[in-house]
Amino acid sequence: MSFQAFVFYALSVILLFSGVRVITAKNPVHAALFLVLAFFTASGHWLLLQSEFLAIALVLVYVGAVMVLFLFVVMMLDINIDSIRKGFWKHFPLAALMGVVIALEMAAVMMKGFRLGEPLAAPSAMGQAAARVSNTKELGKVLYLQYVYPLEVAAAIL
């Protein structure tokens, strides 16, 4: 097993564990912290795919802004968890049914396989030179050269 495969599987196990703990944690602060862990491990997957910009954007936007705000709100509110959990078992059969349906749909997609296009050609001398260029630099070139006007419109709207 290669090192990249080992890191992928390790990150996947941590991501699955933290995702399950997000929805099963009794304390909302713990659930939010497990969600932060899930975001960091998903960012690690982006790094394995050599998408550095998306990895750092995930960390900065979701962990740095959204989760800090969420933690602030959760900690400032005095939530009575016992009153929220009263109707859990009443809605559990419907939730379990929906979970089974979603799992069966995902299994059906995985059994059919992914539709792949043509196989990639072997990298040429020009392709190897292009592989050394940063994804973030190429994204910046496309945004600020080819899509400069839509970017300015989006910036003005935001």
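Source: prediction; values computed, not measured.

**Digging into the overall build of the protein**
A tally of regular secondary structure across the protein gives 8 helices and 0 strands. The helix and strand sequence of the protein, counted from the amino end, reads α-α-α-α-α-α-α-α. Excluding contacts between residues fewer than 6 apart, the proportion of contacts in the protein whose partners are at least 24 apart in sequence is 59%. Only carbon and sulfur atoms are counted for the fraction: they give 73% of the accessible area of the protein, which is about 13,100 Å².

**Side note on the packing of helix α1 (residues 3-24) against helix α2 (residues 28-48)**
Two elements in contact, α1 and α2, have axes separated by 8 Å at closest approach and are oriented at 155 degrees. Taken as axis vectors, α1 and α2 run roughly antiparallel relative to one another. Where α1 crosses over α2, the handedness of that crossing is left-handed. Between α1 and α2, the residues in contact are Q4, V7, F8, L11, S12, I14, L15, F17, S18, R21 and V22 and A31, F34, L35, L37, A38, T41, A42, G44, H45 and L48, respectively. For the contact of α1 with α2, the per-class residue count stands at 14 nonpolar, 6 polar and 1 charged.

**Some thoughts on the nonpolar core**
The biggest cluster of nonpolar side chains holds 8 residues, and these are V29, A32, V36, F39, V63, M67, L71 and V74. Secondary structure elements with two or more residues in this core: α2 and α3 (52-76).

**Describing the side chain of S51**
When you line up the elements, S51 lands in the loop between α2 and α3. S51 sits in the buried class, given a relative accessible area of 17%. Excluding anything up to four places from it in sequence, S51 contacts W46 and N135.

**Some details on the layout of surface pockets**
To locate leftover empty space, one rolls a probe as large as a water molecule over the atoms. Empty space within the second largest pocket amounts to approximately 150 Å³. Along its surface, the second largest pocket is lined by Q4, F8, A42, H45, W46, L48 and L49. Of all the secondary-structure elements, those providing two or more residues to the lining of the second largest pocket are α1 and α2. Among the elements that take part in the lining of the second largest pocket, α2 stands out by supplying 4 residues, more than any other.

**Here's the deal with the environment of G44**
Inspection of the secondary structure puts G44 in helix α2. For G44 and V7, which are 37 residues apart along the polypeptide, the C-alpha to C-alpha distance reads 8.8 Å.

**Concerning the confidence of the model for the protein**
On average, residues of the protein carry a pLDDT of 83, and 84% of them reach 70 or more. By mean pLDDT, helix α6 (residues 125-131) is the weakest element of the protein at 54, and α1 is the strongest at 93.

**With respect to α2**
With 21 residues, α2 ought to run about 30 Å at 1.5 Å a step, and its terminal C-alpha atoms sit 30 Å apart, in line with that. Those residues of α2 lying buried are V29, A31, A32, F34, V36, A38, F39, T41, S43, G44 and H45. For α2, the capping residue at the N-terminal end is N27, with a side-chain oxygen 3.1 Å from the backbone nitrogen of V29. Just beyond α2, the residue with positive phi is Q50, at close to 60 degrees.

Rules behind the numbers
- Residues numbered from 1 in each chain as written.
- Predicted model: local features only at pLDDT ≥ 70, side-chain atom pairs only at ≥ 80, totals over all residues.
- Heavy atoms only, no water.
- Helix = DSSP H or I, 4+ residues; strand = E, 2+ residues; numbered from the N terminus.
- Contact = heavy atoms within 4.5 Å.
- Areas by Shrake-Rupley, 256 points an atom, 1.4 Å probe, with all protein chains shown as cover.
- Axes fitted to C-alpha atoms, helices over the stretch in contact; angles between N-to-C directions.
- Parallel < 35°, antiparallel > 145°, perpendicular 65-115°, else oblique.
- Left-handed = near helix turned anticlockwise from the far one by under 90°.
- Nonpolar A, V, L, I, M, F, W, Y, C, P; charged D, E, K, R; others polar.
- Core = buried A, V, L, I, M, F, W, Y, C linked by side-chain atoms within 4.5 Å.
- Buried < 20%, exposed > 50% of the residue type's maximum accessible area, 1.4 Å probe, protein only.
- 1 Å grid on protein atoms, 1.4 Å probe; cavity = no way out; pocket = protein on both sides within 12 Å on 5 of 7 lines; lining within 4 Å.
- Points joined across faces, edges and corners; volume = space filled by probe spheres on them.
- pLDDT = per-residue confidence, 0-100.
- Expected span 1.5 Å × (residues − 1).
- Polar contact = N/O pair within 3.5 Å; in protein donor to acceptor, adjacent residues only side chain to side chain.

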